[in-house]
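Remarks on the overall topology
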Amino acid sequence: MAGHLRGWARELRSPLTLLLVVACVVGGIWAAVTLTPDQDVEVLGQQLSVGAQAPTATVSGPPRIVQIGNTSLDVPDVAIYGPLRPQLTIGPVQRNETAGDAVAALAQGRSPADALSAIVTGFEHWYGWATLILVAVVLGICGLVGSLRVLAMLRFTVRRSGAGARPAVVARRLSRTLTRSTVVALAAALLVWGVSGVLAVVGAQGLRDARSLTDLTGAHHVTPSPVGPTVSGVRGVVIGDSRVARLGGPVAPGASAEDVACARSTDSLAHQISTAIGDEVLNLACSGARISAGLRAPQQAGGVQVPPQIGRLKQVEDPAFVAVAVGPNDLNWTDLIGYCYAAADCADNFTAGEFGYRLAAFDRDYADLLADLATLPSHPRVVVITSYDVLRPDAQCATTRGPLQYPGLTPEEIQLLADRNAALNQVLTTGARRYGFDVVTPPLSPLCVPDGDGLGPDLQSIQDRYPFHPTAVGELRLTIPVVDRVGVPAPVPPP
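So, a few notes on the structure that sits alongside this text. Because the structure is predicted, anything quoted here is derived from the model rather than measured.

1. Section: the packing of helix α9 (residues 269–277) against helix α15 (residues 472–486)
Following both chains from N to C, one finds α9 and α15 inclined at 55°, their axes separated by 9 Å at the closest point. Taken together, α9 and α15 sit at an angle that is classed as oblique. Of the two elements, α9 crosses α15, and the hand of that crossing is right-handed. Each of Leu269, Gln272, Ile273, Ala276 and Ile277 in α9 lies in contact with α15, whose residues at this interface are Ala472, Glu475, Leu476, Leu478, Thr479, Val482 and Val483. Residue composition of the contact of α9 with α15, grouped by class: nine nonpolar, two polar and one charged.

2. Points about the state of the cysteines
Summed over all chains, the structure comprises three disulfides. At a sulfur-sulfur separation of 2.1 Å, the disulfide partner of Cys262 is Cys286. Its S-S torsion of approximately -85° makes the covalent link between Cys262 and Cys286 left-handed. Here Cys286 lies in the loop between β9 (281–283) and β10 (299–301) and Cys262 lies in the loop between α8 (257–261) and α9, a separation of 24 residues in the sequence.

3. As for the nonpolar core
If you look at the biggest cluster of nonpolar residues, it comprises 54 residues, and the most contacted ones within it are Ile239, Phe362, Tyr366, Leu369 and Leu373. Elements supplying a minimum of two residues to this core: β8 (236–240), α10 (309–313), β12 (321–325), α11 (333–342), α12 (349–374), β13 (381–385) and α14 (411–434). By size, the runner-up hydrophobic cluster in this structure holds 26 residues, among which are Val25, Val41, Val138 and Ala200.

4. Examining the packing of aromatic side chains
Enumeration according to the criterion identifies six aromatic pairs in this entry. Here Phe123 and Trp126 contribute two aromatic rings whose centre-to-centre distance is 5.6 Å and whose plane-to-plane angle is 20°, an arrangement assigned as stacked. One end of the pair is Phe123 and the other is Trp126, both in helix α4 (residues 113–161) and three residues apart, which spans about a single turn. Accessibility classification places Phe123 together with Trp126 in one group, the buried group. Here the aromatic rings of Phe362 and Tyr366 are separated by 5.4 Å at their centres, their planes lie at 15°, and the arrangement is stacked. Here the residue Phe362 and the residue Tyr366 both occupy positions in helix α12, the gap between them amounting to four residues, near one helical turn.

What counts as what
Residues numbered from 1 in each chain as written. Predicted model: local features only at pLDDT ≥ 70, side-chain atom pairs only at ≥ 80, totals over all residues. Heavy atoms only, no water. Axes fitted to C-alpha atoms, helices over the stretch in contact; angles between N-to-C directions. Helix = DSSP H or I, 4+ residues; strand = E, 2+ residues; numbered from the N terminus. Parallel < 35°, antiparallel > 145°, perpendicular 65-115°, else oblique. Left-handed = near helix turned anticlockwise from the far one by under 90°. Contact = heavy atoms within 4.5 Å. Nonpolar A, V, L, I, M, F, W, Y, C, P; charged D, E, K, R; others polar. Disulfide = S-S within 2.5 Å. Core = buried A, V, L, I, M, F, W, Y, C linked by side-chain atoms within 4.5 Å. Buried < 20%, exposed > 50% of the residue type's maximum accessible area, 1.4 Å probe, protein only. Phe/Tyr/Trp six-rings, centres within 6.5 Å; stacked < 30°, edge-to-face > 60°.

Taken by themselves, the reported measurements are silent on function.
Now the structure itself:
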C-alpha cells in the first residue's frame, strides 16, 4: 500500500506528467469548445442555437449573441470568468404565432421562464456532448504521449542493454506509470472543466433578469422624429420605393426638387389611388429608398437630402391609411438579378449565404418599421404591398436573353429568383399580419407573357430605361387591390 502511494506521489511530481496535464487541460478544453456543435432550441418562437464562444486568453468576458453569423453583440454588464462563455446564435428573426404569443406575454409582465428553461436545457445538452469530446481528446493525447514514451524507453533500453533487452518487460514496467499519468491528466482536465462550468453558470445568473433581447444587448427601438410642416386634408399616404413612386413616369409640372429627385410621377400609386377614391393622397415614396435610408433615416437622392418618410408621415394629421412598398432595395435586388444574368449558374453557396444575411438584416429593419407604423397616433389602416415576380421559369423572350455579352437567364435561375422573392414576401407577409396589417399581392403580369387585353405590358422590359419597374398600366393594376382594402369613401349627402 505504501509503495502504491509512493508511486502516485512520484507521478504527481514528474515533469513529464505535469506537461501532459497542461497539454490535456488546454488542448482538451479548446477542442471541446471548438468541436462541439451548437444545440438548437426554440425560444419565444425564435430558432436559437446554444453553445460557447471560442476560448480566448482573457480571464473573463461577456456572453455573446450572434445574429445568423452576421452581427455579434456582447451582453453588457455580465462577466463570466474562465474559458467557458455562452453564445446564443439567433436568426433570422421570425414573426410567427408563437413569437406573437411570447411578445404578448412579455407585454403583460409575465416572466419568460419557459424561454430561460429552454436555453438552460440546450446548454446542458451542449455541455454533456462537450464533456464526451473532452474525455476523448484527453485519452487521445495520453495515448499518443504514452506511445512516444514507450518507444523512447525501448530505444534507450536497447542502446543500454543491447540484444539482451526484453521489450515486453519494459512495457510492463511502464504500464503502471502510463496508467497513473493518464488518470492524473484526465482528472485534472475534468476538474478544470467542471470549475469552468460552475463559473459559467454563476456568471450567467445576470441573464435571469433579462426579459427580452433588448434587455440583453442594451439596444432599444428609437422611432424617427416628426419632420417638416404639418399636413392636413390628406386621406392617405404612400411610402416606399421606386415601384410606387413610378420610376419612368412623367413628372408633374412645377414639381419640387425633391419630387424630381425621387422620380415621383403623375401616374404614381398615390395619384392613381387619389383618382380612384376622389380624395387627396400624399406621395412620400422615393426611388432607391430603403428602410434604413429613406423610410427611417434621411436619403440622398439626385443631390437632394430627402427627410425620412416616417418622419414626414408623422406630420400628416389623421391619415386613414398608409400604403407601404419596401424590400427589393434593402436586398440589393438589382445586384442579384444582374449577377444571374452575368453568371452561367448563380445558384452558388456564396450568393445564397449573402442573400440570407441580407434577408436577416431586412427582417430586423422591417420589424422597426412595423413598430413605427403600429404606434402612429391615428392608427391608420396599413397596407403592405408584396414584391412581384418579373419572369416565369418557362419565359423565352429578349428579356431572358439579356445583353449580348451575358449568358442570360436559364429557367433554373429564374426559379431561383422566384424562390428568393417568395422568401422576401414571406417576411413581409408574416410581419404585417402579426400587427394586423393588410397585405396585397400586385396583380402584375410577368414579362414575356402575351398581352391579353391590349393595354400593354405591366412591367418595363430589359430594353426600357428602367427594367422591371411597373409601367403606367402596371401601376394602375397595382392600385386596384390597394383601393379594395382602403375603400372608397361614401359620398356626402347634400344638405
